[in-house]
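# Inside the fold
Here is how the chains run, residue by residue.
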Amino acid sequence: MKKIIFNTLLLVILATAVQAQDKFFTKTGKISFFSSTPVEDIEAHNKTTTSVIDTRTGKMEFAVLMKAFQFEKALMEEHFNENYVESGKFPKASFSGAIANIGDVDFKKDGTYKVTVKGNLTLHGVTKAVEAPGTIVVKNGVVNAVSTFNIAPEDYKIAIPNLVREKIAKQIKVTVDMNYEPLKS
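The structure reproduced in this document is the subject of the present report. All of these numbers come straight from a predicted model, not from anything done at the bench.

## As for the pattern of salt bridges
Under the criterion given, the structure shown has four salt bridges. The salt bridge involving Asp-22 is made with Arg-56; its shortest N-O contact spans 2.8 Å. Of this pair, Asp-22 sits in the loop between α1 (2-21) and β1 (23-36) while Arg-56 sits in the loop between β2 (41-54) and β3 (59-65); the two residues are 34 residues apart in sequence, bridging distant segments of the chain. A relative accessible area of 9% means that Asp-22 is categorised as buried. For Arg-56, a relative accessible area of 45% corresponds to the partly exposed category. Residue Lys-118 pairs with Glu-131 through a salt bridge whose shortest N-O separation is 4.0 Å. Taken as a pair, Lys-118 in strand β6 (residues 111-123) and Glu-131 in strand β7 (residues 126-139) lie far apart in primary sequence, 13 residues in all. Given a relative accessible area of 42%, Lys-118 falls into the partly exposed group.

This is the structure:
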(Lines give C-alpha, C1' and ligand atoms only; values in the text may rest on other atoms or scores of the structure.)
Protein backbone atom coordinates (compact mmCIF):
# COMPACT_ATOMS: atom_id res chain seq x y z
CA MET A 1 0.00 0.00 0.00
CA LYS A 2 2.85 2.39 0.89
CA LYS A 3 4.46 1.62 -2.47
CA ILE A 4 1.24 2.49 -4.34
CA ILE A 5 0.89 5.79 -2.45
CA PHE A 6 4.57 6.60 -3.06
CA ASN A 7 4.32 5.81 -6.79
CA THR A 8 1.12 7.86 -7.12
CA LEU A 9 2.75 10.81 -5.34
CA LEU A 10 5.83 10.50 -7.55
CA LEU A 11 3.67 10.52 -10.69
CA VAL A 12 1.85 13.65 -9.52
CA ILE A 13 5.15 15.43 -8.81
CA LEU A 14 6.59 14.43 -12.19
CA ALA A 15 3.42 15.49 -14.02
CA THR A 16 3.52 18.87 -12.29
CA ALA A 17 7.20 19.34 -13.20
CA VAL A 18 6.55 18.43 -16.84
CA GLN A 19 3.53 20.74 -16.94
CA ALA A 20 5.57 23.67 -15.56
CA GLN A 21 8.17 23.15 -18.31
CA ASP A 22 5.37 23.64 -20.84
CA LYS A 23 4.57 27.12 -19.53
CA PHE A 24 6.46 30.33 -20.07
CA PHE A 25 5.87 33.53 -18.11
CA THR A 26 6.80 37.21 -17.92
CA LYS A 27 5.99 40.17 -15.69
CA THR A 28 8.06 42.57 -17.77
CA GLY A 29 6.39 42.27 -21.17
CA LYS A 30 6.12 45.38 -23.32
CA ILE A 31 3.01 46.77 -24.97
CA SER A 32 3.06 50.06 -26.83
CA PHE A 33 0.64 51.94 -28.97
CA PHE A 34 1.02 54.59 -31.61
CA SER A 35 -1.51 57.02 -33.04
CA SER A 36 -0.45 59.08 -36.03
CA THR A 37 -2.40 61.93 -37.60
CA PRO A 38 -1.33 64.97 -39.62
CA VAL A 39 -1.93 67.04 -36.47
CA GLU A 40 -0.06 64.97 -33.86
CA ASP A 41 1.64 61.67 -33.08
CA ILE A 42 0.87 60.00 -29.76
CA GLU A 43 2.92 57.13 -28.40
CA ALA A 44 2.86 55.28 -25.07
CA HIS A 45 4.76 52.34 -23.59
CA ASN A 46 4.04 49.87 -20.82
CA LYS A 47 6.86 47.60 -19.64
CA THR A 48 4.99 45.79 -16.86
CA THR A 49 2.69 43.47 -18.78
CA THR A 50 2.11 40.06 -17.24
CA SER A 51 1.68 37.13 -19.59
CA VAL A 52 1.75 33.34 -19.61
CA ILE A 53 1.84 30.94 -22.54
CA ASP A 54 1.19 27.20 -22.48
CA THR A 55 3.35 25.61 -25.18
CA ARG A 56 1.29 22.39 -25.25
CA THR A 57 -2.07 24.00 -25.95
CA GLY A 58 -1.04 27.39 -27.33
CA LYS A 59 -3.20 29.16 -24.76
CA MET A 60 -1.98 32.58 -23.76
CA GLU A 61 -3.09 35.27 -21.34
CA PHE A 62 -2.07 38.91 -20.95
CA ALA A 63 -2.92 41.50 -18.31
CA VAL A 64 -1.82 45.13 -18.41
CA LEU A 65 -2.51 47.97 -16.00
CA MET A 66 -3.70 50.99 -17.95
CA LYS A 67 -2.08 53.51 -15.58
CA ALA A 68 1.32 51.95 -16.29
CA PHE A 69 1.40 53.37 -19.84
CA GLN A 70 4.00 56.13 -20.04
CA PHE A 71 3.70 59.04 -22.45
CA GLU A 72 6.16 61.69 -23.60
CA LYS A 73 3.87 64.42 -22.25
CA ALA A 74 2.27 64.24 -18.79
CA LEU A 75 -0.91 65.91 -20.08
CA MET A 76 -1.38 63.15 -22.69
CA GLU A 77 -1.03 60.54 -19.94
CA GLU A 78 -3.58 62.37 -17.78
CA HIS A 79 -6.10 62.64 -20.64
CA PHE A 80 -5.56 58.99 -21.57
CA ASN A 81 -6.27 57.78 -18.02
CA GLU A 82 -9.02 60.19 -17.02
CA ASN A 83 -10.92 60.95 -20.23
CA TYR A 84 -10.39 58.07 -22.66
CA VAL A 85 -9.71 54.67 -21.06
CA GLU A 86 -11.03 55.77 -17.66
CA SER A 87 -8.36 53.86 -15.73
CA GLY A 88 -10.10 54.39 -12.40
CA LYS A 89 -13.18 52.56 -13.68
CA PHE A 90 -11.38 50.10 -16.00
CA PRO A 91 -7.93 49.62 -14.43
CA LYS A 92 -6.65 46.88 -16.73
CA ALA A 93 -6.88 45.46 -20.21
CA SER A 94 -6.55 41.75 -20.86
CA PHE A 95 -6.25 39.21 -23.63
CA SER A 96 -7.22 35.57 -23.46
CA GLY A 97 -6.67 33.39 -26.48
CA ALA A 98 -4.39 30.93 -28.20
CA ILE A 99 -1.89 30.44 -30.97
CA ALA A 100 -4.00 28.97 -33.76
CA ASN A 101 -1.10 27.13 -35.39
CA ILE A 102 0.70 25.97 -32.22
CA GLY A 103 1.78 22.76 -33.99
CA ASP A 104 4.09 24.83 -36.22
CA VAL A 105 6.18 25.99 -33.23
CA ASP A 106 8.90 23.84 -31.64
CA PHE A 107 9.60 25.46 -28.27
CA LYS A 108 12.49 23.07 -27.67
CA LYS A 109 14.35 24.07 -30.84
CA ASP A 110 15.91 27.43 -31.63
CA GLY A 111 14.14 29.07 -34.53
CA THR A 112 11.77 31.75 -35.82
CA TYR A 113 8.12 30.79 -36.22
CA LYS A 114 5.25 32.72 -37.82
CA VAL A 115 2.02 32.36 -35.85
CA THR A 116 -1.55 33.56 -35.79
CA VAL A 117 -3.05 34.48 -32.44
CA LYS A 118 -6.81 34.46 -31.89
CA GLY A 119 -8.72 35.40 -28.78
CA ASN A 120 -10.63 38.05 -26.88
CA LEU A 121 -9.26 41.48 -26.05
CA THR A 122 -10.97 43.29 -23.18
CA LEU A 123 -10.39 47.03 -23.03
CA HIS A 124 -12.49 49.76 -21.41
CA GLY A 125 -14.98 47.13 -20.27
CA VAL A 126 -15.62 45.88 -23.81
CA THR A 127 -14.55 42.43 -25.05
CA LYS A 128 -13.94 41.88 -28.77
CA ALA A 129 -12.61 38.95 -30.75
CA VAL A 130 -9.23 39.70 -32.32
CA GLU A 131 -6.87 37.90 -34.65
CA ALA A 132 -3.30 39.00 -35.21
CA PRO A 133 -0.15 37.73 -36.92
CA GLY A 134 2.92 37.27 -34.79
CA THR A 135 6.41 35.88 -34.63
CA ILE A 136 7.85 33.62 -31.96
CA VAL A 137 11.61 33.34 -31.65
CA VAL A 138 13.05 30.53 -29.53
CA LYS A 139 16.69 30.96 -28.57
CA ASN A 140 18.59 29.22 -25.77
CA GLY A 141 15.42 28.31 -23.88
CA VAL A 142 14.04 31.86 -23.99
CA VAL A 143 10.87 32.59 -25.94
CA ASN A 144 10.21 35.99 -27.52
CA ALA A 145 6.79 36.72 -28.96
CA VAL A 146 6.06 39.81 -31.06
CA SER A 147 2.86 41.00 -32.70
CA THR A 148 1.58 44.23 -34.24
CA PHE A 149 -2.08 44.90 -34.93
CA ASN A 150 -4.59 47.75 -35.06
CA ILE A 151 -7.57 48.55 -32.89
CA ALA A 152 -10.23 51.23 -33.23
CA PRO A 153 -11.02 53.18 -30.02
CA GLU A 154 -14.69 53.35 -31.01
CA ASP A 155 -14.86 49.51 -31.06
CA TYR A 156 -14.12 49.64 -27.33
CA LYS A 157 -16.53 52.51 -26.61
CA ILE A 158 -13.67 54.94 -26.02
CA ALA A 159 -15.20 58.32 -26.76
CA ILE A 160 -12.99 60.88 -28.44
CA PRO A 161 -14.35 64.44 -28.10
CA ASN A 162 -14.82 66.34 -31.37
CA LEU A 163 -12.41 69.02 -30.12
CA VAL A 164 -9.47 66.56 -30.30
CA ARG A 165 -10.82 64.08 -32.88
CA GLU A 166 -8.22 65.11 -35.50
CA LYS A 167 -5.38 64.48 -33.03
CA ILE A 168 -6.20 60.79 -32.48
CA ALA A 169 -6.09 58.20 -35.25
CA LYS A 170 -9.16 56.11 -36.02
CA GLN A 171 -6.90 53.04 -35.95
CA ILE A 172 -4.30 52.73 -33.18
CA LYS A 173 -1.24 50.56 -33.85
CA VAL A 174 -0.54 48.20 -30.93
CA THR A 175 2.79 46.40 -30.59
CA VAL A 176 3.30 43.49 -28.20
CA ASP A 177 6.83 42.32 -27.33
CA MET A 178 7.19 39.58 -24.70
CA ASN A 179 10.35 37.88 -23.47
CA TYR A 180 9.18 34.73 -21.73
CA GLU A 181 11.15 32.49 -19.41
CA PRO A 182 10.19 28.97 -18.31
CA LEU A 183 7.66 29.06 -15.48
CA LYS A 184 9.26 27.51 -12.44
CA SER A 185 7.06 25.27 -10.33
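## Thoughts on helix α2 (residues 74-84)
Where α2 is concerned, the buried positions are Met-76, Phe-80, Asn-81 and Tyr-84. Viewed along the axis of α2, the buried residues span an arc of 125°, placing them on a single side of the element. Across α2 from its buried face, at more than 90 degrees, point the exposed residues Ala-74, Leu-75 and Glu-82. Those residues of α2 hidden inside the fold are in contact with β1, β2 and β4 (70-71). Phi turns positive one or two residues past the end of α2, at Glu-86, with a value near 50°.

## Things to note about the pairing of β2
Looking at chain direction, β1 and β2 are connected through 11 bridges and run antiparallel. Across the sheet, Gly-29 pairs through a bridge with Thr-49, a residue of β2. Two successive antiparallel strands, β1 and β2, enclose a turn made up of four residues. Taken together, the two bridges between β2 and β4 define a ladder with antiparallel strand orientation. Within β4, the position partnered with Ala-44 by the bridge is Phe-71. Both β2 and β3 contribute to a ladder of four bridges, which runs antiparallel. The partner of Ile-53 across the bridge, within β3, is Met-60.

## Looking at the packing of aromatic side chains
The full count for this structure, using the stated rule, is seven aromatic pairs. For the pair Phe-71 and Phe-80, a centre-to-centre distance of 5.0 Å together with 50° between the ring planes defines the contact as tilted. One aromatic cluster is present, formed by Phe-33, Phe-69, Phe-71 and Phe-80 through successive ring pairs.

## Describing the layout of surface pockets
Considering only enclosed or pocket space, the largest pocket measures out at about 950 Å³ in volume. Considering the residues around the largest pocket, the lining is formed by 49 residues, among which Phe-33, Phe-80, Ile-151, Ile-172 and Val-174 are closest to the centre. When residues of the lining of the largest pocket are assigned to their parent elements, the largest contribution, six residues, is made by β7. Here the lining of the largest pocket is built from residues that sort into 37 nonpolar, seven polar and five charged.

## Some words on the side chain of Asn-144
Relative to the elements of secondary structure, Asn-144 occurs in strand β8 (residues 142-151). Overall, Asn-144 belongs to the buried group, its relative accessible area being 16%. If we ignore the near neighbours within four places in the chain, the residues touching Asn-144 are Thr-135, Ile-136, Val-137, Asp-177, Met-178 and Asn-179.

## Here's the deal with the pairing of β8
Bridge count between β7 and β8: six bridges; the pairing is antiparallel. The partner of Gly-134 across the bridge, within β8, is Ser-147. Hairpin connection from β7 to β8: two residues lie between these consecutive antiparallel strands, with Asn-140 at a positive phi of about 55°. Here nine bridges tie β8 to strand β9 (residues 172-182), and the two strands are oriented antiparallel to one another. Looking across to β9, one finds that Ala-145 is bridged to Met-178.

What counts, and at which threshold
Residues numbered from 1 in each chain as written. Predicted model: local features only at pLDDT ≥ 70, side-chain atom pairs only at ≥ 80, totals over all residues. Heavy atoms only, no water. Salt bridge = Lys/Arg side-chain N within 4 Å of Asp/Glu carboxyl O. Helix = DSSP H or I, 4+ residues; strand = E, 2+ residues; numbered from the N terminus. Buried < 20%, exposed > 50% of the residue type's maximum accessible area, 1.4 Å probe, protein only. Arc of directions from axis to C-beta. Contact = heavy atoms within 4.5 Å. Pairing = 2+ DSSP bridges. Phe/Tyr/Trp six-rings, centres within 6.5 Å; stacked < 30°, edge-to-face > 60°. 1 Å grid on protein atoms, 1.4 Å probe; cavity = no way out; pocket = protein on both sides within 12 Å on 5 of 7 lines; lining within 4 Å. Points joined across faces, edges and corners; volume = space filled by probe spheres on them. Nonpolar A, V, L, I, M, F, W, Y, C, P; charged D, E, K, R; others polar.

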